[in-house]
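Results of the structural survey
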Amino acid sequence: MSENVKEFTSDNFSAEVIESDTPVLVDFWAEWCGPCRVIAPVVDEIATEYLQKVKVGKLNVDNHNQVASQYGVRSIPALLIFKNGAVANQIVGAVPKNKITEILDSVI
Amino acid sequence: MNRKVIIIGSGPAGLTAALYTARANLNPLVLEGNQPGGQLTITTDVENYPGFPEGIMGPELMEKFRTQAIRFGAECHFKHVTKVDFNARPFKVWVGDDMFTSDSIIISTGASAKMLGLESEKELMGYGVSACATCDGFFFKDKKVLIVGGGDSAMEEANYLTKFASEVKIVHRRDEFRASKIMIDRVMNNDKISVIWNSSIKEILGSKEKGVHAVILEDSQSKNTIEENCDGVFMAIGHKPNTDLFVDILDFDSAGYLITTKGSTATNIEGVYACGDVQDHVYRQAVTAAGSGCMSAIDAERYLENN
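Throughout this description, residue numbers start from 1 for each chain and increase along the sequence as written. The naming scheme follows written order: chains are lettered A onward, ligands numbered 1 onward. The predicted nature of this model means local features are confined to residues of pLDDT at least 70 and side-chain atom pairs, given and counted, to a pLDDT of 80 or more, with totals for whole chains, interfaces and linings taken over all residues.

**Some points on the overall build of chain A**
Definition in use: Only DSSP runs of H or I with at least four residues qualify as helices, and only runs of E with at least two residues qualify as strands; both kinds are numbered from the N terminus onward. All radius of gyration figures rest on C-alpha atoms, and the globule criterion is 2.2 Å times the number of residues raised to 0.38. Note that contacts rest on C-beta atoms placed from the backbone: two residues are in contact if these are within 7 Å.
In terms of helices and strands, chain A carries four helices and five strands. Reading chain A from its N end, one meets helices and strands in the order β-α-β-α-β-α-β-β-α. Its C-alpha atoms give chain A a radius of gyration of 12 Å, near enough to 13 Å, the size a compact globule of 108 residues would have. Seen along its three principal axes, the alpha-carbon backbone of chain A occupies a region of about 30 × 30 × 25 Å. Long-range contacts, defined as pairs at least 24 residues apart, comprise 70% of the intrachain contacts of chain A with a sequence gap of at least 6.

Below is the structure:
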């Protein structure tokens, strides 16, 4: 995992995501999720390419299920884009990088 | 740069073709598609792939396939082909606006889960509607879920979902299952599972914000409809080959699978080969897909030698 990808938890979610000044891309994932492994390197690349512009991090749904359920995540991988503390857009399932950056660009 | 071989798809068939063509120094380009690793990446234990006596997790098996192909020089890209042109040589393949050309093509686009075809199903996919119990079952802890289907995969997923859900109901349009006896027995002996026979889903009720809360079921005989409450709907009504790219280009059988010449993987266009589930509605196993992927690689190699 790239050092540009943060680890979000139920403890730091509010400070890191909700109160963030920059938009945040949160990758909801789990060890047992095959498509999550597929998308992980893409999320890494995006974190590097959007450095300073977008904060990128992962949230393990096994360990922090209450955050996942709070945002109605019912399928992973799920990428939720937060802007000013609210969900601005979301992408469910493993999709190619250009799809993700397209949606990200439209939000930020 | 014109390629010798481009492989479209990255399940057991595509990655085996990649391994063999890489070892033949053909420097294959694998355009992995929307689901790199293919259908096995959304399964759990694979217990029938030879060489793994203890079983292996589907995603892990596919990582091994990929690593092995890359070790010999295959280039794998997480890109989804959007258009092909096999009329002129070299063959052309597009990913959005990017065009790739190649002297030969191996098609291993596999198959995808079938859906009911409802607007509400499309709208709520990932928000309470799922085609993958092993991916999404976790989010239905102590909830009530429906599973649609009557084959082995419906039985398997129903059983799997009882690990999480408090109640699982199988919705089936007929009055008997076509699943194997052992799988039916497992379902019938599971206290958390019940069956709604002779019924099909007409509508799924819910919203992206709040998820699914009910479905409208229609009785196949009386045509009466009822509302059935549930928190999730899982589809297990079979698979369809991923052939949209090749309509009016390649030959299909009546079930929509690509036709290959008996005893080979040749399609109706010389230099274009097909392997795995996209051309196989009979066996559909990881090991048969891998086997046909190897055949495609050898077929492509011979074609390139002679042309």
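**Things to note about the overall build of chain B**
Check the secondary structure of chain B and you find seven helices and 19 strands. Relative to its length of 307 residues, chain B is compact, with a C-alpha radius of gyration of 21 Å against a globular reference of 19 Å. The C-alpha extent of chain B, read off along each of the three principal axes, is 65 × 40 × 35 Å.

**Things to note about the nonpolar core**
Defined as follows: To form a nonpolar core, buried Ala, Val, Leu, Ile, Met, Phe, Trp, Tyr and Cys residues must be joined through C-beta atoms within 7 Å. Three exposure classes are used, based on other C-beta atoms lying within 10 Å of a residue's own C-beta, which is placed from the backbone: buried for 20 or more, exposed for 12 or fewer, and partly exposed in between.
Core analysis: the largest hydrophobic core is formed by 73 residues, its most contacted members being Phe28(A) and Ile147(B). For this core, the leading source of residues is helix 2 (residues 34-49) of chain A, giving seven residues. If we skip the residues at most four places from it in the chain, Phe28(A) touches Leu59(A), Val61(A), Ala68(A), Val73(A), Ile76(A), Pro77(A), Ala78(A) and Leu80(A). Among the nonpolar cores identified, the runner-up in size contains 46 residues, and Tyr20(B), Phe100(B), Ile105(B) and Ala290(B) belong to it.

**Some details on the sheet that holds strand 10 (residues 129-130) of chain B**
All names here are of chain B. Heads up, the rule is: By definition, two strands form a pair when at least two bridges between them are found by DSSP.
Read across the open sheet, the five strands follow the order 10-17-11-12-13; overall the sheet is parallel. The open sheet terminates on both sides in strands that have one partner only, identified here as strand 10 and strand 13 (193-196). The pairing of strand 11 (residues 144-148) with strand 12 (residues 167-171) spans five bridges and is classified as parallel. Its bridge partner being in strand 12, leucine 146 is matched across the sheet by lysine 169.

**Brief notes about helix 1 (residues 12-23) of chain B**
All names here are of chain B. Using the following cut-off: Given a helix with a known number of residues, its expected span is that number minus one, times 1.5 Å.
Across its 12 residues, helix 1 extends 16 Å between first and last C-alpha, which sits within 8% of the 16 Å expected from 1.5 Å per residue. Burial of helix 1 is extensive: 11 of the 12 residues sit out of reach of the surface. Regarding helix 1, the residues found buried are Pro12, Ala13, Gly14, Leu15, Thr16, Ala17, Ala18, Leu19, Tyr20, Thr21 and Ala22. Where helix 1 is buried, its residues touch strand 1 (2-8), strand 2 (29-31), helix 2 (58-71), strand 8 (98-107) and helix 7 (286-306). Following helix 1 by one or two positions, asparagine 25 has its phi on the positive side, about 60°.

**What to know about the interface of chain B and chain A**
This is how the line gets drawn: Under the scheme applied here, ten amino acids are nonpolar (Ala, Val, Leu, Ile, Met, Phe, Trp, Tyr, Cys and Pro), four are charged (Asp, Glu, Lys and Arg), and all others, including Gly, are polar.
Taken together, the contact pairs 22 residues of chain B with 19 residues of chain A. At the level of elements, helix 2 and helix 4 (133-136) of chain B are the ones that each hand at least two residues to the side of chain B that touches chain A. Class assignment of the residues belonging to the side of chain B that touches chain A gives a composition of eight nonpolar, 11 polar and three charged.

**Quick word on the packing of helix 2 of chain A against helix 4 (residues 97-107) of chain A**
Residue and element names in this part refer to chain A. How we decide: Throughout, an axis means a line fitted to C-alpha atoms (over the contacting stretch in the case of helices), and angles, computed between N-to-C directions, take values from 0 to 180 degrees. Between 65 and 115 degrees an angle is taken as roughly perpendicular, under 35 as roughly parallel, over 145 as roughly antiparallel, and anywhere else as oblique. Whether a crossing is left-handed or right-handed is set by the direction in which the near helix is turned from the far one by less than a right angle, anticlockwise for left-handed and clockwise for right-handed.
Interaxial distance between helix 2 and helix 4 falls to 10 Å at its minimum, and their mutual angle equals 40°. On the basis of their axis angle, the class for helix 2 and helix 4 is oblique. The handedness of the crossing between helix 2 and helix 4 comes out as right-handed. Residues Val42, Glu45 and Ile46 of helix 2 form the contact with helix 4, whose own contacting residues are Lys97, Ile100 and Thr101. Here the residues of the contact of helix 2 with helix 4 sort into three nonpolar, one polar and two charged.

**Here's the deal with the sheet that holds strand 16 (residues 225-229) of chain B**
Residues and elements named next belong to chain B. The strand order across the open sheet formed by three strands is 14-15-16, and the pairing between neighbours is antiparallel. Each edge of the open sheet is held by one strand with a lone partner, namely strand 14 (199-207) and strand 16. The mean angle between the axes of side-by-side strands here comes to 25°, regardless of whether they run parallel or antiparallel. The sheet contact formed by strand 15 (residues 211-219) and strand 16 spans five bridges and is antiparallel. Note on strand 16: the bridge partner recorded for alanine 214 is asparagine 229.

**Observations concerning the environment of Ala236(B)**
All names here are of chain B. One can find alanine 236 in the loop between strand 17 (232-235) and strand 18 (239-241). For alanine 236, a count of 25 C-beta atoms within 10 Å puts it in the buried group. On a C-alpha basis, the gap between alanine 236 and arginine 23 in space is 38 Å, while along the polypeptide they are 213 residues apart. If near-sequence neighbours (up to four positions away) are discounted, alanine 236 is found in contact with Ile147, Val148, Gly149, Gly151, Ser153, Ala154 and Glu157.

**Thoughts on the domain arrangement of chain B**
The line we're drawing: Boundaries of every domain are those given by an automatic assignment or by a domain database.
Here the domain parsing of chain B yields domain 1 (2-112 + 240-306) and domain 2 (115-235). Between the C-alpha centres of domain 1 of chain B and domain 2 of chain B there is a distance of 32 Å.

**Topic: the pairing of strand 7 (residues 91-95) of chain B**
Within a regular strand, side chains alternate between the sheet's two faces. Residues and elements named next belong to chain B. Relative to strand 7, strand 6 (residues 83-85) runs antiparallel, the two being bridged by three bridges. What sits directly across from lysine 83, in strand 7, is tryptophan 94. Here strand 6 hands over to strand 7 after five residues, the two strands then running antiparallel side by side. Here strand 7 runs beside strand 8; their pairing, made up of five bridges, is antiparallel. Bridge pairing links phenylalanine 91 to serine 102 in strand 8. Hairpin remark: strand 7 followed by strand 8, antiparallel, with two residues in the connecting loop; positive phi at glycine 96, about 60°.

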